[in-house]
Amino acid sequence: MGSLILGVEALAFLEKEGFPVLRSFLATSEDDAAGKAAEIGFPVTLKLSSPDVIHKTEADGIRVSLRDESEVRQGFRQIVGTFTTDQPKKRLDGVMVQAQGGGIEVIVGMASDEQFGPVLMFGLGGIFVEAMKDVSFRLIPMEAYDAKDMMEELKGYQVLKSPRSGYVDLPAVQNLLLGISQFITRHPEIREMDLNPVFVSSHGARICDARIMVL
Amino acid sequence: MNEKLVQVFSPGSIAVIGASNSFDKLGYHVMKSLAGNYHGKIFPINPKSDRIWNLASYPSLEAVPGDVHLVVIAVPARMVPDTLHACGRKGVRGAVLITAGFREIEDDGGRVLEEEIKEIAGQYGLPIIGPNTFGFVNLSSGVNASFTSEFSRIERGGVALISQSGGICHLCGFLAIEQRIAMSKLMSLGNRCNVDFPEVLTHLVEKDSSTRVIALYIEGLDDPRRLLDAAKSLRGRKPIIVYKAGKSEKGDSASRFHTGSLAGNHAIWKGALRQAGILEVTGTEELLDTAKAIDSCSLPGGTRMAVLSGQAGPGMIASDALEPAGLKLSRFSEATQRRINDLLPPIAIRTNPVDMGPAWYDPKNIIAILKAVIDDEHTDGVIFLAMYASANLNLAEGMVEYMKAAHPFQKPVIACFTAPPGIWDEPIGALDRKKGVAILPTPERAVQAMANLWKVSFLSNGRG
């Protein structure tokens, strides 16, 4: 069936492969969380880290825009408290402390199709992918042109282009897509992957969360 | 394979195995398609008759004197393996296997039999079109190797339609006759024993000078990358358009990944076709309209369109259709506008969309306006709309006269000429597909075909 790589571990793997990720650490205690937050610099985000939980929001496992140590400590206590009370049977790895991301959310993903083999997906995040299924696919490997073309194919492409969104570093997104295509070619053991969300802004693209299934 | 296919599609001689004089046999209908139509040698094969369709017939393929290039096989499935061995021994170049009852049937025996014939074909290096096909029609060289003789009525032209389904060939083939679409090839690949889309695609691009546009109808392929890789390696040489059926398939609902659950078969096809430089169309009308436009017109260099209409309403709906299709109204240069103003009195709207109503009785001026907008450097193509009214009876014939001396248009012109049956039929036939003009039934379809011409132009040339 293969195994799942999640959260901090997945981000570390991607960073090692040269991809831009938000700085992230796993904290196993309140003191640890406070120390990691100071090391990253405020504001930070806290996220529940459990192999048994897919939707962290539904488990009340996310705190964003924490501005100082006391907010981080309080957030840690709340997340762990809620989780151990509500879901005593589930495993807890700790809480991820992550640099606060910003910009437009996009999703980059990969799947293995029975007929086509490895395929790459790109879409706008949040409601665009959930409700409107506004995503585009390309076969892996692909060329630089395809990376650009699969962005332009989205109905919501104007969201990325609109001045209201602020300047979005589209070449950085294009590089990320192309890089992921090459990464998957180098790692045929990867069967499925979600990079969701990836934040894109004028500062480039930053992978915020990742799930990887390897054989 | 490629060399053999040249002889398969333009054979100097054809044997029909299972040829028959009785209407209830497919071998009868294959003979009907060939006799009196095909100019090479025809050898009917049937152990029980001497003459079939008034031609000398032979008891077996071995008994045929001389070379046989193509065989058309219409015998029961169980007899096919022996028949193919006979073809191999005779050294035929290829076979059309009309017989059904192979892997398309529920009974597992069909799949086993198909494996067997595949092996025999491999043994002799024998290309097989089918099994489970109506055959093929090569209009460019006057070969109707199918069981539907009426396909020979399709005009000869540049559209090759290659289909996974014989039914779609019948749907599109008869519409082609009705809508003056001119074809080079019409073919169903059936179960694709060893002649599949990539082989035919390569043949049509590299070896078939009569084909200008390749239209594919695809239901599903075991190895789609083979077709896509072939298309990629041939990119920019001939436009390829695809109508892909089977859109209802969803992604993997069991996947716990967003990507996996969204990666439906059609969603991937859509991206993969675009990646291979292939235009995807989503209906029969769009497939045929687009193929006809590509076969008839120059490709546009951009998206700026002139709309010329004899009546305001059709011009308005054509203009409305431009933007959603990715096109826009062009803004004429001053010189062009002056020229139009000279040709039209000021009682009409003379800016784009141009109301040509006041010139309606003067085909010479209509042609002059058309030429002026085509020469305009800010215009990439023209939508031309003419509805019949009793008073403009002579318009279409007048246009035919003036078009005789005209040079072919270097920009696409897609037109609607609408009249009661029998009134403008002849001039419409004389204008359609000549000098860079394609005629389609409605303004919206004209605009959609124009938009697809632009997409084809972009897919072939625009890759940065």
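Here, residues in each chain are numbered from 1, in the same order as that chain's written sequence. Chains and ligands are labelled by the order in which they are written, letters from A for the one and numbers from 1 for the other. Residues qualify for local features only when their pLDDT is at least 70, as the model is predicted, and side-chain atom pairs are given and counted only at 80 or more; totals for whole chains, interfaces and linings, by contrast, use all residues.

Another point: the overall build of chain B. Only DSSP runs of H or I covering at least 4 residues are called helices, and only runs of E covering at least 2 are called strands; the numbering of each starts at the N terminus. Scanning chain B from N- to C-terminus turns up 16 helices and 20 strands. Based on C-alpha atoms, the radius of gyration is set beside the globule rule, defined as 2.2 Å times the residue count to the power 0.38. For 464 residues, the compact-globule formula gives about 23 Å, and the C-alpha radius of gyration of chain B, at 25 Å, lands near that figure. If one aligns the C-alpha atoms of chain B with their principal axes, the spans along those axes are about 80 × 65 × 35 Å. Scored against the burial criterion, the 464 residues of chain B give a buried share of 50%. A residue pair is marked as a contact if its C-beta atoms, positioned from the backbone, fall within 7 Å. Across chain B, every contact between residues at least 6 apart in sequence was considered, and the portion connecting residues at least 24 apart equals 74%. The exposure label follows from counting other C-beta atoms within 10 Å of a residue's C-beta, where the C-beta atoms are placed from the backbone and the thresholds are 20 or more for buried and 12 or fewer for exposed, leaving partly exposed in between.

Take the overall build of chain A next. Counting secondary structure elements, chain A contains seven helices and eleven strands. Taken over C-alpha atoms, the radius of gyration comes to 18 Å for chain A, in line with the 17 Å a tight globule of 215 residues would show. Taking the principal axes of its C-alpha atoms as reference, chain A extends roughly 50 × 45 × 30 Å. A total of 215 residues make up chain A; the buried ones form 44% of that total. When contacts within chain A are restricted to residue pairs at least 6 apart in sequence, those whose partners lie at least 24 apart make up 62%.

Right, let's get into the environment of alanine 267 of chain B. Locating alanine 267 of chain B in the fold gives a position in helix H9 (residues 265-275). Not counting the four nearest positions on each side in its chain, alanine 267 of chain B is found in contact with Phe137 of chain A together with Leu262 of chain B.

Residues and elements named next belong to chain B. A pair of strands is treated as paired once DSSP finds two or more bridges between them. Ordered in space as S2-S1-S5-S6-S7, the five strands form an open sheet in which the pairing is parallel. Strands with a single pairing partner mark the edges of an open sheet, and in this sheet they are strand S2 (41-45) and strand S7 (128-129). Helix axes use the C-alpha atoms of the stretch in contact, all axes being lines fitted to C-alpha atoms, and the angles between their N-to-C directions lie in the range 0 to 180 degrees. Packing of helix H2 (residues 26-34) onto the sheet brings it into contact with strand S1 (13-17), S2 and strand S5 (70-73), and relative to S1 it is tilted by some 160°.

Next up on the list: the packing of helix H5 (residues 144-152) of chain A against helix H7 (residues 170-186) of chain A. All names here are of chain A. Across the interface, H5 lies against H7 with an axial gap of 9 Å and an inter-helix angle of 120°. Looking at the two axes, H5 sits oblique to H7. Classified by chirality, the crossing of H7 by H5 is right-handed. Where H5 approaches H7, its residues Ala144, Ala147, Lys148, Met150 and Met151 are matched on the opposing element by Leu170, Val173, Gln174, Leu177 and Leu178. Class assignment for the residues of the contact of H5 with H7 results in eight nonpolar, one polar and one charged. Roughly parallel refers to an angle under 35 degrees, roughly antiparallel to one over 145, roughly perpendicular to one between 65 and 115, and oblique to any angle outside these ranges. Each helix crossing is assigned a hand: it is left-handed if the near helix lies turned anticlockwise from the far helix by less than a right angle, otherwise right-handed if that turn is clockwise. Gly is placed with the polar residues, together with every amino acid not listed as nonpolar (Ala, Val, Leu, Ile, Met, Phe, Trp, Tyr, Cys and Pro) or charged (Asp, Glu, Lys and Arg).

For the rest of this paragraph, the subject is the domain arrangement of chain A. By convention here, the domain bounds are inherited from an automatic or database domain assignment. Per the domain assignment, the segments of chain A are domain 1 (23-99) and domain 2 (104-214). One C-alpha centre belongs to domain 1 of chain A, the other to domain 2 of chain A, and the line joining them spans 27 Å.

Time to look at the domain arrangement of chain B. Residue and element names in this part refer to chain B. What the domain assignment lists for chain B is domain 1 (2-293) and domain 2 (298-461). On a C-alpha basis, the centres of domain 1 and domain 2 stand 37 Å from each other. On the side of domain 2, 17 residues touch domain 1, which itself brings 13 residues to the contact. Counting residues per element, the side of domain 1 that touches domain 2 draws most heavily on helix H10 (residues 284-296), which supplies six residues. Here the side of domain 1 that touches domain 2 is built from residues that sort into four nonpolar, four polar and five charged.

Opposite the 29 residues of chain A that make contact, chain B presents 21 residues. When its residues are assigned to classes, the side of chain A that touches chain B shows 15 nonpolar, five polar and nine charged.

Another aspect to go through is the confidence of the model for chain B. When pLDDT drops low, the exact placement of atoms in the prediction is not to be read closely. Per-residue confidence from the predictor is given as pLDDT, running between 0 and 100. Of all residues in chain B, 99% have pLDDT values of 70 or greater, and the mean over the chain is 95. With pTM at 0.94, the complex prediction returns an ipTM value of 0.92.

Glancing now at the sheet that holds strand S8 (residues 135-138) of chain B. Adjacent strands of a sheet form backbone hydrogen bonds with each other and so pair up, either parallel or antiparallel. Residue and element names in this part refer to chain B. Here we have seven strands laid out as an open sheet, ordered S9-S8-S11-S10-S12-S13-S14, and mixed in their pairing. The sheet is open, and its two edges are formed by strand S9 (143-146) and strand S14 (279-281), each paired on a single side. In this sheet, adjacent strand axes meet at a mean angle of 20° when their direction is disregarded. Two elements, S8 and S9, share four bridges in a ladder whose sense is antiparallel. Bridging across to S9, valine 137 finds its partner in asparagine 144.

Okay, unusual backbone geometry next. Residue and element names in this part refer to chain A. Across the junction of isoleucine 140 and proline 141, the peptide omega takes the value 5°, indicating a cis bond. Inspection of the secondary structure puts proline 141 in the loop between strand S8 (135-139) and H5. Omega for the bond connecting asparagine 196 with proline 197 falls within 30 degrees of zero, at 0°, which places this linkage in the cis form. With respect to the helices and strands, the residue proline 197 is situated in strand S9 (residues 190-201).

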